[in-house]
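Summary of structural features
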Amino acid sequence: MDQVRNPFTPGAGSQPPLLVGRDAQIEAMTVAVRRLAIGRFERSIMLKGLRGVGKTVLLNEFGRIAKQQGWIHAHLEATEDIRIATATAVLTRRVLLELNARARAKDRAARALGVLRSFITVHVPLGTGAGSLVIDFESQPGRADSGELDGDLSGLFTEVGETARDSGTGVLLTIDEIQYLGRRELSALIIGLHRVSQLSLPFLVAGAGLPSLPGLAGEARSYAERLFRYVDIGSLGHTDASQALILPAEEEGAGWTTEAVARVIHDTKGYPYFLQEFGKQAWNLAAGPRITLEDVDAATILAVDDLDQGFFRARIDKTTDAERDYLRAMASLGGPGPYRSGDVSAHLGKKTTQTGPTRDSLIKRGLCYAPRHGDLAFTVPMFDEFIRRALT
């Protein structure tokens, strides 16, 4: 079949040809934006799940929804070395400059930009990205320049929210990989959101992170569970997974046999990224106009190899020998996990106190997470199978 017309799009955060199985989350965001627009309270949304389940795609969709409602959307992808003050300064500058361009609240936005300038002076070192940002507005002291990040970020968010309200609009910040925020950074973010939430300002955050996200937020601030709506994002059920394969093909005048669809869903366990990868390879191999079981059998070899060399391999390239030994020991215990930390240590012939630093470093790298005390699981679906193929 025509590879140029191949509708399947495996990629980090790439928009699939059809977004299925996420109607509830899309509806929740639409309602949240509309409620805040009329001054009603609504919680921010936090998506949690393994890698490759479509969290980033949903954040992008949330941004599209906000823009459709006339809101301003800004996006941030957190990294291991993120400083929330710097990142927030960059985002809020972009938002406030857009608000300043709107005639309805030009003076209000100018004041808010002055507050941001004061915030940057105190919290963002010169020469570090946002520290060199140009803000040609007079500083406005007193609201976000006390030197206490928690209170100052709260003041800055409130200023942005009030400016958006006076402009007849709202602001959505989307933050991906939010588990990389340190405890202090996450605490400051939560406190800032708490204040705008109390005031029912049209300022909303949608975040995405690993399954450990609720626990991290709870450790940072005990009331986080009341501030956020946590939403599990996982694999697709059989009906939704079938639609993700069949409908894009039909749009291109092609199709699948029932057996071929069933095999792909079985082999991918319904995970969205894997569905796209297997769909892409099967399309490229098929003579058409229907993708058959024989096509899927041949495509599976290519799909697994692509995943091994890209999606999976990228996650272990920078690991140390000790970290790889730990990953190998986890996978050797059998099954997808979770695994008891004590069992992993025993498999390595060591005590848990000896392997603790390695375990912690794997969590910081985002390769593993702790679903419960004493347990450890992979953050990537089917990673145990890859480890057994590649490292044993």
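Let us look at the structure shown here. (Residues numbered from 1 in each chain as written. Predicted model: local features only at pLDDT ≥ 70, side-chain atom pairs only at ≥ 80, totals over all residues. Heavy atoms only, no water.)

Right, let's get into the overall build of the chain. Along the chain, the regular secondary structure elements total 16 helices and ten strands. Since a compact globule built from 392 residues should have a radius of gyration of about 21 Å, the 23 Å found for the chain is in line with a globular shape. Taken along its principal axes, the extent of the C-alpha atoms in the chain is 65 × 60 × 35 Å. Going through the 392 residues of the chain one by one, you find that 52% of them count as buried. A fraction of 75% describes how many contacts in the chain between residues 6 or more apart in sequence connect residues 24 or more apart. Accessible area of the chain: about 17,200 Å², with a carbon and sulfur share of 48%. The positive charge centre, built from 46 side chains, and the negative charge centre, built from 47, are 6 Å apart in the chain. (Helix = DSSP H or I, 4+ residues; strand = E, 2+ residues; numbered from the N terminus. Rg over C-alpha atoms; globule rule 2.2 N^0.38 Å. Buried < 20%, exposed > 50% of the residue type's maximum accessible area, 1.4 Å probe, protein only. Contact = heavy atoms within 4.5 Å. Areas by Shrake-Rupley, 256 points an atom, 1.4 Å probe, with all protein chains shown as cover. Lys, Arg positive; Asp, Glu negative; His and termini not counted. Charge placed at Lys NZ, Arg CZ, Asp CG, Glu CD.)

Our focus in this paragraph is the packing of aromatic side chains. All told, the structure shown has 14 aromatic pairs when counted by the stated rule. Considering the side-chain rings of Y273 and F274, the 6.2 Å spacing of their centres and the 85 degrees angle between planes classify their relative orientation as edge-to-face. The same class applies to Y273 and to F274, which are both buried. Ring centres 5.4 Å apart and planes at 70 degrees place the aromatic pair F311 and F312 in the edge-to-face group. Each member of the pair, F311 together with F312, is buried. What links up through ring pairs into an aromatic cluster is the set Y271, Y273, F274, F311, F312, Y339, F378, F383 and F386. One Lys or Arg, R315, reaches over the ring of F311 and ends 4.4 Å from the middle of that ring. (Phe/Tyr/Trp six-rings, centres within 6.5 Å; stacked < 30°, edge-to-face > 60°. Lys NZ or Arg CZ within 6 Å of the ring centre and 35° of its normal.)

Across the two faces of strand 10 (residues 375–378) the burial is the same, with D375 and A377 and L376 and F378 all buried. Bridge count between strand 8 (residues 339–340) and strand 10: two bridges; the pairing is antiparallel. Note that in strand 10 the partner of Y339 across the bridge is L376. Judged from the two bridges that link them, strand 9 (residues 368–369) and strand 10 form a sheet pairing that is antiparallel. (Pairing = 2+ DSSP bridges.)

This paragraph deals with the pattern of salt bridges. Think of it this way: side chains of opposite charge can pair up when their charged atoms draw near. Taken as a whole, this structure holds 24 salt bridges when the rule is applied. Measuring nitrogen to oxygen at the nearest pair gives 3.2 Å for the salt bridge that ties E385 to K269. A residue pair is termed long-range when its members are at least 10 positions apart, and E385 in helix 16 (residues 383–390) and K269 in the loop between helix 10 (258–268) and helix 11 (272–285) qualify at 116 residues. Given the relative accessible area of 43%, K269 is considered partly exposed. Each of the salt bridges in this network shares a partner with another, and the network as a whole consists of R108, R111, R143, E159, E162, R165 and D166. (Salt bridge = Lys/Arg side-chain N within 4 Å of Asp/Glu carboxyl O.)

In this section: the nonpolar core. In this structure, F62 and W256 are the most contacted members of the largest nonpolar core, which totals 71 residues. In this structure W256 touches F8, L245, I246, A249, V261, V264, G279, A282, R290, I291 and V296, once residues within four positions along its chain are discounted. By size, the runner-up hydrophobic cluster in this structure holds 53 residues, among which are L76, L156, A164 and V171. (Core = buried A, V, L, I, M, F, W, Y, C linked by side-chain atoms within 4.5 Å.)

Before going further, it helps to examine the packing of helix 11 against helix 12 (residues 293–312). For the pair helix 11 and helix 12, interaxial distance at closest approach is 8 Å and the crossing angle is 130 degrees. The orientation of helix 11 with respect to helix 12, classified from their angle, is oblique. Helix-helix and strand crossings are classified by hand; for helix 11 and helix 12 the assignment is right-handed. Two secondary-structure elements touch here, helix 11 through Y273, F274, E277, F278, Q281, A282 and L285 and helix 12 through D295, V296, A298, A299, T300, L302, A303, V304, D306, L307, F311 and F312. Split into classes, the residues belonging to the contact of helix 11 with helix 12 amount to 14 nonpolar, two polar and three charged. (Axes fitted to C-alpha atoms, helices over the stretch in contact; angles between N-to-C directions. Parallel < 35°, antiparallel > 145°, perpendicular 65-115°, else oblique. Left-handed = near helix turned anticlockwise from the far one by under 90°. Nonpolar A, V, L, I, M, F, W, Y, C, P; charged D, E, K, R; others polar.)

Strand order in this open sheet of five strands is 2-3-4-1-5, and the pairing throughout is parallel. A single partner strand is all that each edge strand has here, and the edge strands are strand 2 (72–77) and strand 5 (228–232). Strand-to-strand twist across the sheet, computed as the mean angle between neighbouring axes with direction ignored, equals 15 degrees. Pairing between strand 3 (residues 171–176) and strand 4 (residues 203–209): five bridges, direction parallel. Across the sheet, the residue bridging to L173 is V205, located in strand 4. Across the sheet, helix 6 (residues 183–198) is in contact with strand 1 (44–48), strand 3, strand 4 and strand 5; its angle to strand 4 comes to roughly 145 degrees.

To continue, consider the sheet that holds strand 8. Taking strand neighbours across the sheet as the criterion, the three strands line up as 8-10-9 in an open arrangement whose pairing is antiparallel. Two strands bound the open sheet, and with one partner strand each, they are strand 8 and strand 9.

This is a description of form; function is not addressed.
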